[in-house]
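# Report on the structure
What follows is the residue order along each chain.
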Amino acid sequence: MITVAETGKKRVRLSRVARREMTLDHAAAIGAEEGVSSVTMEAAGRSMSASNSPRYACFPTITELLRALLDREYRRLRTGMINRVSATLTALFAISPSVSR
C-alpha cells in the first residue's frame, strides 16, 4: 500500500467511514503479510502514516479493530460465495434450459 509519506502529497482529512475502511485495509494487509498477532493499533498507524487520534476514534481498542476486520472479511467472503454460486447456477440453467427452477 502506498502511504502519504511515500507519495509526498498533502494530507487530506478523510471522512470517518473512509478512515475506518483505510484502517481495516491496512490491518488486513499487516495480518496477511506478518500474521494476525502483528496487527496492532501502532502498526496500522505506521502503515497509514497517520496519528493515533483518528484510529482510536474509529476503533477505541485493538479488539474492536480485529472484530470489525473479521466481520468485514466474513461479509466479503459470503458475498463472493453467493455471487459465484449465482453465476454457476445461471450458467447451468443456460446450458440446460429444460431444468426447472
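All residue numbers refer to position in the chain's written sequence, counted from 1. Local features in this predicted model are restricted to residues whose pLDDT is 70 or higher, and side-chain atom pairs enter the listing and the counts only when it is 80 or higher, whereas totals over whole chains, interfaces and linings include all residues. Side-chain metrics in this entry use all non-hydrogen atoms of the structure; hydrogen atoms and water are not considered.

## So, the environment of arginine 20
Helix and strand definitions here come from DSSP, where helices need a minimum of 4 consecutive H or I residues and strands a minimum of 2 consecutive E residues; each element is numbered from the N-terminal end. On the secondary structure map, arginine 20 appears in helix α2 (residues 16–34). Partly exposed describes any residue whose relative accessible area lies between the buried limit of under 20% and the exposed limit of over 50%, with all areas from a 1.4 Å probe on protein chains only and scaled to the type maximum. Overall, the relative accessible area of 32% leaves arginine 20 in the partly exposed class. Beyond its immediate sequence surroundings of up to four residues, arginine 20 is in contact with Cys58, Phe59 and Ala68. Residue contacts are counted whenever heavy atoms from the two residues lie within 4.5 Å of one another.

## Some points on the nonpolar core
Counting 11 residues, the largest nonpolar core is built from Leu24, Ala27, Ile30, Val39, Met41, Ala43, Cys58, Phe59, Leu65, Ala68 and Leu69. Residue assignment for this core shows that the elements contributing at least two residues are α2, α3 (41–48) and α5 (62–95). Here alanine 27 is in contact with Val39, Leu65 and Leu69, once residues within four sequence places are set aside. By nonpolar core we mean a set of buried residues, namely Ala, Val, Leu, Ile, Met, Phe, Trp, Tyr and Cys, connected to one another through side-chain atoms within 4.5 Å.

## Let's talk about the pattern of salt bridges
Here, a salt bridge means any Lys or Arg side-chain nitrogen found within 4 Å of an Asp or Glu carboxyl oxygen. One pass over the structure, following the stated rule, counts five salt bridges. Where arginine 72 meets glutamate 21, a salt bridge forms, and the shortest distance between an N and an O atom there is 3.0 Å. Taken together, the residues arginine 72 in helix α5 and glutamate 21 in helix α2 connect sequence positions 51 residues apart. According to the relative accessible area criterion, arginine 72 is buried, its value standing at 3%. For glutamate 21, a relative accessible area of 27% gives the class partly exposed. Glutamate 73 serves as the salt-bridge partner of arginine 72, at 3.0 Å between the closest nitrogen and oxygen. A single network of salt bridges, built from pairs that share partners, joins Arg20, Glu21, Asp25, Arg72, Glu73 and Arg76.

## Considerations on the confidence of the model for the protein
Think of pLDDT as the predictor's per-residue confidence, scored from 0 to 100. Per-residue confidence for the protein gives a mean pLDDT of 83; residues scoring 70 or more make up 78%. Averaged pLDDT values for the elements of the protein fall to 56 in helix α1 (residues 4–7) and rise to 92 in α2.

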